[in-house]
Number of protein chains: 2
Amino acid sequence: MFKRSSACRAEERREMRGGRGVVKIEHFWEPENEMHSRTRMCARLTLAPGDSIGFHRHEGEEEIFVILRGRARVDDNGVTAELLPGDTLLTGGGAGHAVESIGDEPLEMLAVIGKY
Amino acid sequence: MFKRSSACRAEERREMRGGRGVVKIEHFWEPENEMHSRTRMCARLTLAPGDSIGFHRHEGEEEIFVILRGRARVDDNGVTAELLPGDTLLTGGGAGHAVESIGDEPLEMLAVIGKY
């Protein structure tokens, strides 16, 4: 089945995981009634410059970020890196991450969370 | 852990699933030694205008395509649709799909396959 961008469920989370500002989340598919694999989230995240997602851990699952647009400074389980479009971050097995939008344009990332 | 775009494993598949031309696949993460969830592929697919992936089914797993750039004509398990950037296709449980790049620029899609 297909879904138009305009039909994806959008939510806004403020100070997500203790971060700054707002994270816009567009959910491509829902885990309850649409996805039947162990993928529990498949979404596009947008953060205005300066906004961030605070450090948090993923236990019993892993999250993949793929940078689509903008520039990110990430805390990759204690290691700081700057990521650009096409770069990717994988966090799971109890490791943690944080993400900050540091470019001049919004940071857009694809986020996929797969349960073990 | 993070990975630069340039470090992602790239492969080219000709006449993929009976389609036309070449599909460039850039694998963000490898299922054998990097991903530990039931995600067996997380990649960016690029198809030049006119190239395609032939119809095939996904049994015991589901595949998500998210259109990033270009224009796609898909066979969504027997239903034809044209998809644009931000649109998404979900195919699993024995259903099938085919994709053709029909725009003036290359079709870029994110592809995620999750096993049940």
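See above for the structure.
1. Considering unusual backbone geometry
Residue and element names in this part refer to chain B.
Part 1: The phi torsion at Glu-15 lies on the positive side, around 50°, for a residue other than glycine.
Part 2: Here Glu-15 lies in the loop between strand 2 (9-14) and strand 3 (22-29).
Part 3: For Glu-15, a relative accessible area of 58% corresponds to the exposed category.
Part 4: Phi at Asn-77 is positive, roughly 55°, even though this residue is not glycine.
Part 5: Taking relative accessible area as the criterion, Asn-77 reaches 40% and is therefore assigned partly exposed.

2. Details of the environment of Val-22 of chain A
All names here are of chain A.
Part 1: Within the secondary structure, Val-22 sits in strand 3 (residues 22-29).
Part 2: Placed 53 residues apart in sequence, Val-22 and Asp-75 show a C-alpha to C-alpha distance of 18 Å.
Part 3: Sequence-distant contacts of Val-22, that is, excluding residues within four places in its chain, are made with Glu-12, Arg-13, Arg-14, Thr-46, Leu-47 and Asp-51.

3. Overview of the relation of the copies chain B and chain A
Each of the two chain copies can be generated from the other by rotation about an axis followed by a shift along it.
Part 1: Superposing chain B onto chain A requires a rotation of 180° together with a translation of 0.0 Å along the rotation axis, leaving an RMSD of 0.0 Å. What the rotation and shift describe, once combined, is the action of a two-fold rotation axis. Among all residues of chain B, the one whose C-alpha sits closest to the rotation axis is Arg-38 of chain B, at a distance of 3.3 Å.
Part 2: The overlap is high: 100% of the interface residues of chain B also sit at the interface in chain A, so the same surface is used on both sides.

4. Thoughts on the interface of chain B and chain A
Part 1: Opposite the 34 residues of chain B that make contact, chain A presents 34 residues.
Part 2: Contact with chain A buries surface across chain B, with Phe-2, Thr-88 and Leu-90 of chain B losing the most and accounting together for 19% of the total.
Part 3: The partner of Asp-87 of chain B in a salt bridge is Arg-4 of chain A, with the nearest N and O atoms 3.0 Å apart.
Part 4: One can count 20 residue pairs in polar contact (both at pLDDT 80 or more) joining chain B with chain A.
Part 5: In terms of residue class, the side of chain B that touches chain A is built from 17 nonpolar, seven polar and 10 charged.
Part 6: Where strand 9 (residues 88-92) of chain A lies against strand 1 (residues 2-3) of chain B, two bridges are found, and the strand directions are antiparallel. Following the sheet pairing, Thr-88 of chain A is matched in strand 1 of chain B by Lys-3 of chain B.

5. Digging into a positive patch on the surface
Part 1: Taken together, the side chains of Arg-38 and Lys-115 of chain A together with Arg-38 and Lys-115 of chain B present a region of like positive charge at the surface.
Part 2: Under the relative-accessibility criterion, Lys-115 of chain B is labelled partly exposed at 33%.

6. Quick word on the pairing of strand 6 (residues 61-69) of chain A
Residues and elements named next belong to chain A.
Part 1: Of all the nine residues making up strand 6, seven are buried; the element is thus mostly covered by neighbouring parts of the structure.
Part 2: As paired strands, strand 6 and strand 11 (residues 107-115) are joined by eight bridges and run antiparallel to one another. Of the residues in strand 11, the one forming a bridge with Ile-64 is Val-112.
Part 3: Direction of pairing for strand 6 relative to strand 9: antiparallel, over a ladder of five bridges. Bridging from a neighbouring strand, Ile-64 pairs with Leu-90 of strand 9.

7. A word on the side chain of Asp-76 of chain A
Part 1: Tracing the chain through its elements places Asp-76 of chain A in strand 7 (residues 72-76).
Part 2: A polar contact is formed between the side chain of Asp-76 of chain A and the backbone nitrogen of Met-1 of chain B, at a distance of 3.0 Å.
Part 3: Polar contacts involving the side chain of Asp-76 of chain A include one to the main-chain amide nitrogen of Phe-2 of chain B, which spans 3.3 Å.
Part 4: Here Asp-76 of chain A is in contact with Leu-89 and Gly-96 of chain A together with Met-1 and Phe-2 of chain B, once residues within four sequence places are set aside.

8. Description of the sheet that holds strand 3 of chain A
Part 1: Ordered in space as 2(A)-3(A)-4(A)-11(A)-6(A)-9(A)-1(B), the seven strands form an open sheet in which the pairing is antiparallel. Edge strands, defined here as strands with exactly one partner in the open sheet, are strand 2 (9-14) of chain A together with strand 1 of chain B.
Part 2: Inspection of the sheet shows strand 3 of chain A paired to strand 4 (residues 39-47) of chain A by six bridges, in the antiparallel sense. Pairing of His-27 of chain A across the sheet is with Ala-43 of chain A, part of strand 4 of chain A.

What counts as what
- Residues numbered from 1 in each chain as written.
- Chains lettered and ligands numbered in written order.
- Predicted model: local features only at pLDDT ≥ 70, side-chain atom pairs only at ≥ 80, totals over all residues.
- Heavy atoms only, no water.
- Helix = DSSP H or I, 4+ residues; strand = E, 2+ residues; numbered from the N terminus.
- Buried < 20%, exposed > 50% of the residue type's maximum accessible area, 1.4 Å probe, protein only.
- Contact = heavy atoms within 4.5 Å.
- Least-squares fit on C-alpha atoms with pLDDT ≥ 70 in both.
- Buried area = accessible area lost by both parts, 1.4 Å probe.
- Salt bridge = Lys/Arg side-chain N within 4 Å of Asp/Glu carboxyl O.
- Polar contact = N/O pair within 3.5 Å; in protein donor to acceptor, adjacent residues only side chain to side chain.
- Nonpolar A, V, L, I, M, F, W, Y, C, P; charged D, E, K, R; others polar.
- Pairing = 2+ DSSP bridges.
- Patch = residues over 30% accessible without salt bridge, like charges linked within 9 Å, V, L, I, M, F, W, Y side chains within 5 Å.
- Areas by Shrake-Rupley, 256 points an atom, 1.4 Å probe, with all protein chains shown as cover.
- Lys, Arg positive; Asp, Glu negative; His and termini not counted.
- Charge placed at Lys NZ, Arg CZ, Asp CG, Glu CD.

In short, geometric facts, not functional conclusions.
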